Every structure is written in structure tokens, then in C-alpha cells.
Amino acid sequence: MIEKEFPKDFLWGGATAANQFEGGWNEGGKGWSVADCARSHLDVDVQDYAKQNEVLMKDVEEAMAHPEDLKHYPKRHGSDFYHHYKEDIALLGEMGFKTFRMSIAWSRIYPNGDDATPNEEGLKFYEDVFKELKKYNIEPLVTISHYEPPLNLALKYDCWYSRQTIDFFMRFVKTIVDRFGQYVKYWLTFNEVDSMIRHPYTTGGLIKDRFNGKNWEEVIFQSMHHQFVASALATKYIHEQFPESKVGCMLTKLTYYPYSCKPEDQLEAQQRMRATYCYSDTQVFGEYPAYLLARFKNHGLHIQMTEEDLHVMKEYPVDFISFSYYSSSCVAKNAEGLQTTAGNTQVAIKNPYLPASEWGWQSDPIGLRISLVDLYDRYRKPLFIVENGLGEKEELVSDGNGSYTVNDDAHIAYYKEHMKAMYEAIVEDGVELLGYTSWACIDLVSESTKQMSKRYGFVYVDCDDEGNGTFKRYRKKSFYWYKHIIETNGAALFE
Ligand code: BGP
């Protein structure tokens, strides 16, 4: 029997994001980012997504008044990759990673976002990281903007709402592409570009009460338009400087099932899926889809777009589509009385046929195959899964050899089923899948709840939700399992 294997050059790896992983938030010349003002809400229901991501001027002022407070602002310490990067990359090398997804903190390169010249210490840090990855033949997959625009851009220019931010972003892009283009073949412009509509502060640096009196939906879509233009300009620059490099968009793949076979529920599911597809449609086809323009018109949104904007968007679409997938959800035209549950960046109707994590997210490996087929049929361009994982509460236990580990069987079960679904999409559905980076390969601070205790990694980091701990790293049971999956190029899934 032909041994079941993934494509020979399949990029196995894991993902992180500077704002949740790096720490060193005010070291090496780094300036404040919006993430450094993201307060943990340990007193809020972890399934109340909206509450956890509400940020107003008073919240930003409170955060800026307490630079010493790491307890309430866990993203400031993250997993301290800033001081552990050599050890961490060695661990990824030990697992046999082919690729490592990371982001470059914009405010480490341009501390205020509008600085005339870059911060050399910040550039030096990432150059050391890329050289370390090269030692282990690990291909960097770099997210240029992952929820961490410089805070000064938000306070001085209203960040992505201002067209000037396109220029500030391109200054940042040109600096990192010129300096790191030799190391980086795969770039993603904006993490989950669609998330601007669900958490405008985190993604767009938009502080809601600075826009009192304005149409908030219009502010968000104007900001989104500036990101689309910036993404196309970045794609243009990267292709000009490094023609072999590839640029991807990054989409929150929210997969919805109709709660019943009522046609209105099916229509609701189709509409909700288009609510995120409209962003990838724009970046893949290089133009706004008619149904998004219809929404602008029907909602009376006046988005300032120039001919030049539309031209550059059309000329420079993305080369591949990357996305995050964690769970699926149900929708219904009338959700009255139906139980809801949280998912990535949203709350939706709970699927009675699927298990739910402590944070409410429902694991659905078949949903991953459905998502891969949908995206590939829609775009006919290569795909890349750049986030997939399960957040779990975990405890260290003795490993019998004088050290400690975590018996994270739930992670192994989750990954095994999702990787099998990937295999079926490749082999049976003909999907072209470039690679897979799990979220997150090493424990880090969760985006929605700012918790270290929501653990995703193959490596445990000794730090709790209040920032207490040694930050020592411990290999979990899944570390050895994933190492074996990679060394057999997926064949071990079928052992
Ligand atoms: C996605 C983000 C990641 C990561 C992931 C998991 O939206 O792109 O940065 O945070 O969600 O979500 P959480 O961290 O809330 O568990």
C-alpha cells in the first residue's frame, strides 16, 4: 500500500505573534504599541468576546499611566521570546520545523510609527532571529502587521483611519524588506484583516470615543480600505525587490453551519461566510466584490477611494491565501432561545454535535476540510493554514527523569484529527496546501482574554495569568508527537 504522506515540500511548523509572544515591550528602543495597552479582564466571562476587546481613551490613558504594571497588561511580557529566542528556536529545530510564523513588531522598528529613521537595535534583534532560524533551516513566515500598530499612530493620526498611515506603513515595509528580504520568502501583510470589523482597536488602532459623532461602520471600512491599499503597495514592493518571494493575505476563516435545514438558516450561513470572504475576495481578485460595494451603498457609507488606490489594488493581488481556523459555529435567521458559545473573535450558536473547550470554542476537524475546499474552490490559489490549535488549561507534572512535562493528550487528539482532515483535502479534494503552522507552537498570551493559562503550545512556558513564573520552557508530550509527525512527513498520522 502506498504510504500516506503529505507533499514532499510541505511546510510543517508553528505560529506566534510578537505582541503575544515577544515581551521586551519597552526594551531595545521599542515604542508603545496598541497591544501594550490591552488590559486583561480576568473578572470578565471568558466567553464574552466583545467585552474583552473594548478599548476607550480612558483605558489607553490608564495603561500609559502604569508602565510598570505587567500584571494587568500580560502582552507586555508575553513569553519573553525577546530574551529566549535562541533557546526557543533550538526547540523548534529539535521538532524539525520547516517553517516558523512570526510577526515583526512595527514599534520595535519605528517606535512612534512616524519616525524619520528606523531603530537599529530593533532591526538587529530580528536579524539575529532570522540568522538563528537559518541555522536550523527553518523558513520564516513573516506577518508584517499582527495586532500591534504603534500607539502613537493611534493617538496622533487615528492610525488606519488616516491615509497618512499608508505612507508610514510603507516606510516600515521598505525598511524590513530591504533588510530581511534575503531571509524571508513568505510574507503576510495583515493578520486577519477582516477582524478590523470585530475589534477595530486591536487591528486598526481605532479608539472608539475619538470618533464620537462619526459613523463608526464608515470609520472601520475607511480604515480597512487604507489597509487594502497598503497591502497591495507592500505586495508590489516585495515583488519588485524579491521576485521569488510570495505574499499572502490572512483571513479569519469563520465556518458557519445553518442551525436547521430551513432555507432562511442556510441563507444566514451563506451571508455570514461572505461577511469574511468579502475581505479575501478583495485581496485575491484585487477589487471590491459587488456585494461589499452594495453594503457600502445600502448602509450609506462614503469610503474615500482614489483611482490610483483601485489601480494598485487590481495590479497587485496576493499570491496565496493564508487563514486561521479553530472551530466552526452555527447560525440561524432567528437565534431566539438558542444557546450561544464563543469562537475565535466572535460568539455564535452552539453546535449540539460538537465538543466545546473551556473557552467555548468547538473543535470540528471536518470543518477544516470544508473550509479548505470552500477556499480552494473559490480562489484556485495555493492555501496556507497559519493558525489552528486548541487552548487548554494545563499543569506541569514530573516526567520521572527529574524534570517536568505536560501530558497534553487533548492537544494530540485535536491536532491528529485536524491534520487528517488536511490530508483528505489534499489527496481527495485536490487542494493545494503550502503548509501548516499550528497556533501557537510555544505557550503565549491569548489575544481575546490575555491569558497565559489558555495554553496552545508544544512547549509549556512557566508563567501564570498574572505574570508570575520562571519563564522556563518544558517540552510537552505533544512536542515529541509533532516531532514524529514532521519527520515522517505526516505518515505517522496513519500509524
Ligand atoms: C487569532 C489571532 C492570534 C491568536 C488566535 C487565538 O485571532 O490571529 O493572534 O490570538 O486568534 O485566539 P486567542 O489567543 O484569543 O485564544
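Each chain carries its own residue numbering, running from 1 in the written order of its sequence. Only residues with pLDDT of at least 70 are given local features in this predicted model, and only at 80 or more are side-chain atom pairs given and counted; all residues enter the totals for whole chains, interfaces and linings. Excluding hydrogens and water, the side-chain figures rest on all heavy atoms present in the structure.

Undergrad: I'm lost on the overall build of the chain in this one. Help?
TA: Of regular secondary structure, the chain possesses 16 helices and 16 strands. For a compact globule of 495 residues, the expected C-alpha radius of gyration is about 23 Å, and the chain comes in at 21 Å, within 12% of that figure. Dimensions of the chain, computed from the C-alpha atoms along their principal axes, are close to 60 × 55 × 50 Å. Relative accessibility under 20% of the residue-type maximum defines a buried residue, over 50% an exposed one, and the middle range a partly exposed one, all with a 1.4 Å probe and only protein chains included. Within the chain, the proportion of its 495 residues that are buried is 60%. Should any heavy atoms of two residues lie within 4.5 Å, those residues are considered in contact. Taking as baseline every contact in the chain between residues at least 6 positions apart, the subset at least 24 positions apart corresponds to 78%. In these tables, accessible area is a Shrake-Rupley quantity obtained with a 1.4 Å probe, and a residue counts as shielded only by the protein chains included in the view. In the form shown here, the chain has an accessible surface area of approximately 19000 Å², with 50% of it arising from carbon and sulfur atoms. Think of it this way: Lys and Arg go in the positive column, Asp and Glu in the negative one, and His and the chain ends go nowhere. To locate a charge, the coordinates of NZ of Lys, CZ of Arg, CG of Asp or CD of Glu are taken. When the 54 positive and 73 negative side-chain charges of the chain are each reduced to one mean point, those points stand 2 Å apart. The way it works is that DSSP assigns letters per residue, a run of H or I at least four long becomes a helix, a run of E at least two long becomes a strand, and they are numbered from the N terminus. We compute the radius of gyration over the C-alpha atoms and compare it with the globule rule, which gives 2.2 Å times the number of residues raised to the power 0.38.

Undergrad: Where do I start with the state of the cysteines in this structure?
TA: Covalent bonding between the sulfur atoms of two cysteines is what defines a disulfide. Cysteine sulfur atoms that pair up within 2.5 Å are treated as a disulfide. Inspection of the entire model under this criterion finds 0 disulfides. Cysteine Cys249 is unpaired, with the sulfur of Cys278 as its nearest cysteine sulfur at 12 Å.

Undergrad: Just to check I follow, could you spell out the pairing of strand β10 (residues 346-349) for this structure?
TA: Every other side chain in a regular strand lies on the same face of the sheet, so the side chains alternate between the two faces. Paired strands are those between which DSSP finds at least two bridges. Direction of pairing for strand β9 (residues 340-343) relative to β10: antiparallel, over a ladder of 4 bridges. Bridge pairing in β10 places Gly343 opposite Gln346. Between β9 and β10, which pair antiparallel in sequence order, lie 2 residues; one of them, Thr345, sits at a positive phi of approximately 60°.

Undergrad: Would you mind showing me how to read helix α15 (residues 409-427) here?
TA: One turn of the α-helix equals 3.6 residues, which is why residues spaced by three or four share an orientation. The span you would expect from a helix comes to 1.5 Å times its residue count less one. If you check α15, its first and last C-alpha atoms are 27 Å apart, about what 19 residues at 1.5 Å a residue would give, namely 27 Å. Every buried residue of α15 is listed here: His411, Ile412, Tyr414, Tyr415, His418, Met419, Ala421, Met422, Tyr423, Ala425 and Ile426. Looking at the buried positions of α15, the neighbouring elements they touch are β1 (11-15), α14 (365-379), β11 (383-387), β14 (433-439) and α16 (477-487).

Undergrad: Would you mind showing me how to read the packing of aromatic side chains here?
TA: Pairs were defined over the aromatic rings of Phe, Tyr and Trp, the Trp ring being its six-membered one, requiring ring centres within 6.5 Å. Orientation was assigned from the angle between planes: stacked under 30 degrees, edge-to-face over 60, tilted for the rest. The final tally for this structure, using the stated rule, is 45 aromatic pairs. Between Phe81 and Phe100, the ring centres sit 6.2 Å apart and the planes meet at 50°, which makes this aromatic pair tilted. Pair noted here: Phe81 is in helix α4 (residues 81-95) and Phe100 is in strand β2 (residues 99-103), with a separation of 19 residues, a long-range link. The class of Phe81 is buried, set by a relative accessible area of 4%. According to the relative accessible area criterion, Phe100 is buried, its value standing at 1%. Here the aromatic rings of Phe221 and Phe296 are separated by 5.1 Å at their centres, their planes lie at 65°, and the arrangement is edge-to-face. Separated by 75 residues along the polypeptide, Phe221 in helix α10 (residues 216-241) and Phe296 in helix α12 (residues 290-298) bring together distant segments of the chain. For Phe221, a relative accessible area of 2% puts it in the buried group. Following the ring pairs from residue to residue traces out a cluster consisting of Phe6, Phe10, Trp12, Phe97, Tyr414, Tyr415, Tyr423, Phe458, Trp481, Tyr482 and Phe494.

Undergrad: Looking at this structure, I do not really get the site of the ligand. What am I missing?
TA: Put simply, a residue is near a molecule or strand once any heavy atom of it comes within 4 Å of that molecule or strand. Close to the ligand lie 16 residues; Gln20, Glu192, Glu447, Ser448 and Tyr456 are nearest. By the criterion applied in these results, polar contacts are pairs of N or O atoms within 3.5 Å in which, for protein atoms, one can donate a hydrogen and the other can accept it, and in which residues neighboring in sequence qualify only through two side-chain atoms. Within the contact set of the ligand, an oxygen atom lies 2.9 Å away from a side-chain nitrogen or oxygen of His146. Contacts to the ligand include Lys454, whose side-chain N or O atom sits 2.8 Å from an oxygen atom. Considered class by class, the residues forming the shell around the ligand number 5 nonpolar, 7 polar and 4 charged. Residues are grouped as follows: Ala, Val, Leu, Ile, Met, Phe, Trp, Tyr, Cys and Pro are nonpolar; Asp, Glu, Lys and Arg are charged; all remaining types, including Gly, are polar.

Undergrad: Mind showing me how you'd approach the nonpolar core here?
TA: For soluble globular proteins, nonpolar side chains are generally found buried alongside one another. The biggest cluster of nonpolar side chains holds 140 residues, and the ones touching the most others in it are Tyr126, Phe130, Phe169, Leu372, Met419, Met422 and Tyr482. Residue contributions to this core peak at 11 residues, all from α10. Those residues in contact with Phe169, other than ones at most four positions away along the chain, are Trp106, Ile144, Ser145, Trp160, Phe190, Ala230 and Ala234. Throughout this description, the term nonpolar core refers to a set of buried Ala, Val, Leu, Ile, Met, Phe, Trp, Tyr and Cys residues connected via side-chain atoms within 4.5 Å. By size, the runner-up hydrophobic cluster in this structure holds 8 residues, among which are Leu11, Leu141, Leu188 and Val386.

Undergrad: It is not clear to me how the side chain of Ser195 should be interpreted in this structure. Could you clarify?
TA: As for its placement among the helices and strands, Ser195 is situated in the loop between β4 (186-190) and α9 (200-204). Of note is the side chain of Ser195, whose polar atom sits 2.7 Å from the side chain of Thr203. If we skip the residues at most four places from it in the chain, Ser195 touches Tyr147, Pro200, Thr203 and Thr252.

Undergrad: What exactly am I supposed to notice about the side chain of Asp88 here?
TA: Topologically, Asp88 is positioned in helix α4. Non-local contacts of Asp88, meaning those with residues more than four positions away in its chain, are made with Phe21, Phe81, Ile442 and Arg473.

Undergrad: Any chance you could explain helix α6 (residues 120-135) here in plain terms?
TA: The end-to-end C-alpha distance of α6 is 23 Å, a good match for the 22 Å that 16 residues give at a rise of 1.5 Å each. In the stretch just after α6, Asn137 is the one whose phi turns positive, near 55°.

Undergrad: Before we go on, may I ask you to explain the sheet that holds strand β3 (residues 139-145) in this structure?
TA: Hydrogen bonds along the backbone pair up the strands of a sheet, which may run parallel or antiparallel. Read around the closed barrel, the 8 strands follow the order β1-β2-β3-β4-β5-β7-β11-β14; overall the barrel is parallel. Averaged over all neighbouring strand pairs, the angle between strand axes comes to 25°, with direction disregarded. Where β2 lies against β3, 5 bridges are found, and the strand directions are parallel. Residue pairing for β3: Thr99 is matched across the bridge by Glu139. Axis definition: a line fitted to C-alpha atoms, limited for helices to the stretch in contact. Angles are taken between N-to-C directions and run from 0 to 180 degrees. Sheet strands in contact with helix α11 (residues 263-285) are β4, β5 (246-252) and β7 (320-324), and its direction is about 170° off that of β5. Across the face of the sheet, α14 comes into contact with β5, β7, β11 and β14 while running at roughly 140° to β11.

Undergrad: How should I be thinking about unusual backbone geometry in this particular structure?
TA: Peptide bonds are, in most cases, trans, and in most cases residues other than glycine have a negative phi. In this chain, Trp439 is followed by Ala440 through a cis amide linkage whose omega measures -20°. Mapped onto the elements, Ala440 comes out in the loop between β14 and β15 (459-461). The phi angle at Tyr147 is positive, at roughly 65°, despite the residue not being glycine. Along the chain, the position of Tyr147 falls in the loop between β3 and α7 (151-157). In this structure, Lys450 takes a positive phi of about 60° despite not being glycine. Topologically, Lys450 is positioned in the loop between β14 and β15.

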